[in-house]
Amino acid sequence: MSARTLVVTCFLAMSCGGWSGASEEARDVSGNYALAWDDRLTVRLSVGGAVREVTQTGLGGVVDFGVIDGEPVTLDLTTFCAREEVRCPSEALWSKVALYQPDLSNGGDLQKLVIIDDTRHELDAGERAPSLAGLVDHAQQDRFLLGLGLEGGVSGSCAALGVSLAGGRFSRGAACSLDAGEGEVTDAGLEPDGGEPDGGTPEALLPDGGVDCALADVTRLVVPAGARVKGLTEGRVFVGWAAGCALGPVLAGGTLTLETGFTGVRTGDYEPPPFTPAEVVLPDGGLDGGLVLDGGEGP
């Protein structure tokens, strides 16, 4: 059974174990959110076993991959992203979204997550907003993952490949305190572990060869009990296409990918426009956006 199949099976049956037993309220990340994209875009062209990578600012301009097989290869990002069938990273998710978990009452940490386009909240009669659906795992620091490829309903001569994805983590603010009011803790920061290394002293860590081990700080993410969801962090969108659709038939055997990051701020309670529910779609190819849902090491 593939990791992807196991993920879907666990989600449907909710019988794979490893749940924390947190309350429904504690696991609830529903709400309306505003998303913001970072200005850094990584463009990769994989062809003939080699990868050309270019990092630039924004989604405009011309990307220069140099010379391949004696021919200069460039990509006009403005023109490519303007094509009707192409969704570049900042177009793959909407700038305003409503999120909810329809199966939250079942008690599992692994939950279906529905993301609804809320850029137009008031719709005409009979009009429904589109949505996407993936998974959020509350046992893995509220990380989420959804597929953006062919199975996500994108079609056309330059459809996104099945490895395309969006993922990240829900961030949490301070826990409510009747005594001290609201604190200023956000995920409690990424703090050093603070404990003694295994073995106690550095001398106890000498290997057989007598060479000193280098000690390094270990960081961990600490979320205070009862901390409320405040936004999205560590977000990234990764979209891939067959290179030939963007760069011509000479590169038909290659792959073109674009990747960028995003964050989000929770702006209010869950209040969606009328929408069409989406089925869960996860990326193919073993990419998991940093979220290993089946508890293994990935493919």
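(A) Molecular detail of the environment of Phe275. Structurally, Phe275 is set in the segment after strand 14 (255–268). Under the relative-accessibility criterion, Phe275 is labelled buried at 12%. Phe275 sits 144 residues away from Ser131 along the chain, and the two C-alpha atoms are 6.8 Å apart. In this structure, Phe275 is in contact with Tyr100, Val114, Ile116, Arg128, Ala129, Ser131 and Tyr270, ignoring residues within four places of it in sequence.

(B) Structural context of the environment of Gly168. Relative to the helices and strands, Gly168 is located in strand 10 (residues 165–175). Given the relative accessible area of 4%, Gly168 is considered buried. As a C-alpha pair, Gly168 and Asp142 span 26 residues in sequence and 8.5 Å in three-dimensional space. Not counting chain neighbours up to four residues away, the residues in contact with Gly168 comprise Asp142, Arg143, Phe144, Thr233, Glu234 and Gly235.

(C) Just the state of the cysteines, in detail. In total, this model carries two disulfides according to the counting rule given. A sulfur-sulfur separation of 2.0 Å characterises the disulfide bridge that pairs Cys81 with Cys88. Residues Cys81 and Cys88 are joined by a disulfide whose S-S torsion is about -85°; by sign, that bridge is left-handed. Here Cys81 matches Cys88 in class, with each residue buried.

(D) Region of the structure containing the pattern of salt bridges. For the structure shown, the criterion picks out nine salt bridges. Residues Glu85 and Arg83 are paired through a salt bridge, measuring 3.0 Å at the closest nitrogen-oxygen approach. Of the charged contacts, one joins Arg120 and Glu127 as a salt bridge, the two residues approaching to 2.8 Å between their closest N and O atoms. Since its relative accessible area comes to 44%, Arg120 is described here as partly exposed. Through salt bridges with shared partners, one network takes in Arg44, Glu53, Arg236 and Glu259.

(E) Local environment of the pairing of strand 1 (residues 31–37). Direction of pairing for strand 1 relative to strand 6 (residues 96–100): antiparallel, over a ladder of four bridges. Paired with Asn32 across the strands is Ala98, a residue of strand 6. Note: strand 1 against strand 14, six bridges, orientation antiparallel. Counted as the bridge partner of Ala34 is Val265 from strand 14.

Calculation criteria
Starting from 1, residues in each chain are numbered consecutively following that chain's sequence as written. Thresholds applied to this predicted model are a pLDDT of at least 70 for local features of residues and 80 or more for the giving and counting of side-chain atom pairs; totals over whole chains, interfaces and linings are not thresholded and use all residues. To obtain the side-chain values, all non-hydrogen atoms of the structure were included, while hydrogens and water were left out. Every helix listed is a DSSP run of H or I at least four residues long, and every strand listed is a run of E at least two residues long, numbered separately from the N terminus. Partly exposed residues are those whose accessible area sits between 20% and 50% of the maximum for their type, while under 20% is buried and over 50% is exposed, using a 1.4 Å probe and protein chains only. Here a residue-residue contact requires only that any non-hydrogen atoms of the pair lie within 4.5 Å. What counts as a disulfide here is a pair of cysteine sulfur atoms lying within 2.5 Å. In what follows, salt bridge is the name for a side-chain nitrogen of Lys or Arg lying within 4 Å of a carboxyl oxygen of Asp or Glu. By the convention used here, strands pair only if DSSP detects at least 2 bridges between them.

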